[in-house]
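# Notes for the structure review
Given next are the chains, with one letter for each unit.
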Amino acid sequence: MDLLKPKKNSARLLALFNAILLCVSWLMMIRAYPRLPAQIPYWLPLAGQDVLRAPKGPLFFLYPLFQTLFLAAFYLAGLAWVKKPERGDHQETLMNKKELTGVLPENKGEVAGKKGASDSGAAGSVPENLQAIEGSAEGRRALISGRGEALTPPAEISPVYRAALINLKKELVWLWMIFFNLVFIHIQRSLIWLAHGLSFGVNKVYFFTLIIILLLLIPYYRFRLSLLNRGPR
């Protein structure tokens, strides 16, 4: 389990970065508020619309407040996703069920009986329960699922693999939140600069780069997950 310590530390470090960025957002807005002019913008021309200006007031802090609420909701949703098991957790168990092509015997005596019957060609030695379900698809499926699960224990995911998967999901959630923080900070900084006449809005190259990185985190997670699945489970 000591091998997982660096991964846990990386998730904690990402969580610390998120806390720092959120504090920076609030401090930036609080320090900038007294220096703002009487008329300030409340909306940026992201899609070419007009700048919405109004008298300076407490509504200016709706941006960091919405940022905080959004990140809290995203964290709760991410926490539910982290605890949700992946499809791969049950993949080996399902494969074991699919590979069952017949009914497994309950003891070695039945194995010897079936082997002797197949060698001599005698049909009378076939177990009665097999004859009863021979023409019944439902009975066959029930017997396979019941006796097969009892005789073939399901493949269990190791605690080390499960802990590594949980840490990977946590890292992804914190990474997403970091870039969401950067998006909000950039919008708020653009509002401040626009109020002082230092810019005309957001830096579209930087803004859309952050959006693209957010989308690229999905294949990044899939790649990391594939590397994790190649290791011991």
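Residues numbered from 1 in each chain as written. Predicted model: local features only at pLDDT ≥ 70, side-chain atom pairs only at ≥ 80, totals over all residues. Heavy atoms only, no water.

### Regarding the overall build of the protein
What counts, and what does not: Think of it this way: any DSSP run of H or I at least four residues long counts as a helix, any run of E at least two long counts as a strand, and we number them from the N terminus. Whether two residues are in contact is decided by their heavy atoms: any pair within 4.5 Å suffices. Per-residue and other accessible areas were derived by the Shrake-Rupley procedure at a 1.4 Å probe size, with only the shown protein chains allowed to occlude residues.
Regarding its fold elements, the protein presents 8 helices and 2 strands. In sequence order, the secondary structure elements of the protein are arranged as α-β-β-α-α-α-α-α-α-α. Residue pairs in contact within the protein that sit at least 24 positions apart in sequence constitute 77% of those at least 6 positions apart. As presented, the protein carries roughly 14,900 Å² of accessible surface, and 67% of it is formed by carbon and sulfur atoms.

### Some words on the confidence of the model for the protein
Counted only if it meets this: Per residue, pLDDT measures the predictor's confidence, with a range of 0 to 100.
The share of residues in the protein with pLDDT of 70 or more is 64%, and the mean pLDDT across the chain is 76. The least confident element of the protein is helix α3 (residues 91-98), whose mean pLDDT is 46; the most confident is helix α2 (residues 62-83), at 95. Across residues 148-154, confidence stays below pLDDT 50; counting only partners more than four residues off in sequence or on other chains, it has 9 contacts.

### Structural notes on the side chain of H186
Spelled out, the test is: The term polar contact refers here to a pair of N or O atoms within 3.5 Å; inside protein, the definition further demands a hydrogen-donor-capable atom paired with an acceptor-capable atom, and it admits residues adjacent in sequence only when both atoms are side-chain atoms.
Summarising the element assignment, H186 is placed in helix α7 (residues 159-195). A distance of 3.1 Å separates a polar side-chain atom of H186 from the backbone nitrogen of N203. If we ignore the near neighbours within four places in the chain, the residues touching H186 are V202, N203, Y206 and F207.

### Concerning the packing of aromatic side chains
For clarity, the cut-off: Two aromatic rings, drawn from Phe, Tyr or Trp (for Trp, its six-membered ring), form a pair once their centres lie within 6.5 Å of each other, and the interplanar angle then sorts them: stacked below 30 degrees, edge-to-face above 60, tilted otherwise. Accessible area is worked out with a 1.4 Å probe on protein chains only. A residue is then buried under 20% of its type maximum, exposed over 50%, and partly exposed in between. The rule is short: NZ of Lys or CZ of Arg within 6 Å of the ring centre and within 35 degrees of the ring normal puts a charge over the ring.
On inspection of all chains with the given rule, the structure shows 13 aromatic pairs. With centroids separated by 5.3 Å and ring planes inclined at 70°, the aromatic side chains of F74 and F180 adopt a geometry described as edge-to-face. Taken together, the positions of F74 in helix α2 and F180 in helix α7 put the pair 106 residues apart, joining distant regions of the chain. Given a relative accessible area of 22%, F74 falls into the partly exposed group. A connected cluster of aromatic rings, assembled from ring pairs, spans F66, F70, F74, W176, F180 and F184. The positively charged end of K56 is found above the aromatic ring belonging to Y33, 5.1 Å away from the centroid.

### Side note on the environment of K204
Residue position: K204 is located in helix α8 (residues 204-230). C-alpha of K204 to C-alpha of L46: the two residues are 158 residues apart in sequence and 8.3 Å apart in space.

### Observations concerning α2
Rules: Multiply 1.5 Å by the residue count of a helix minus one, and that product is the helix's expected span. Directions drawn from the helix axis to the C-beta atoms are what define this arc.
With 22 residues, α2 should cover 32 Å at 1.5 Å per step; its first-to-last C-alpha distance of 32 Å lies within 8% of that length. For α2, every residue scored as buried is listed here: Y63, P64, Q67, L71, G78 and V82. Buried residues in α2, looked at end-on, bunch into an arc of 85°, giving them a common side. What points out from α2, more than 90 degrees from its buried face, is the exposed set L69, L76 and K83.

### Description of α8
Heads up, the condition is: The angle separating two fitted axes, one through the seven residues that finish at a residue and one through the seven that start at it, defines the bend at that residue.
Between the first and last C-alpha of α8 there are 40 Å, a value that for 27 residues agrees with the 39 Å anticipated at 1.5 Å per step. Considering bend angle alone, the principal kink of α8 is centred on L217 and spans about 25°; proline P219 follows within four residues of it. Taken together, the buried positions of α8 are F207, L210, L214, L217, Y221, L225 and L228. Buried residues belonging to α8 abut α2 and α7. Looking at where α8 begins, the residue whose side-chain oxygen comes 3.2 Å from the main-chain nitrogen of V205 is N203.

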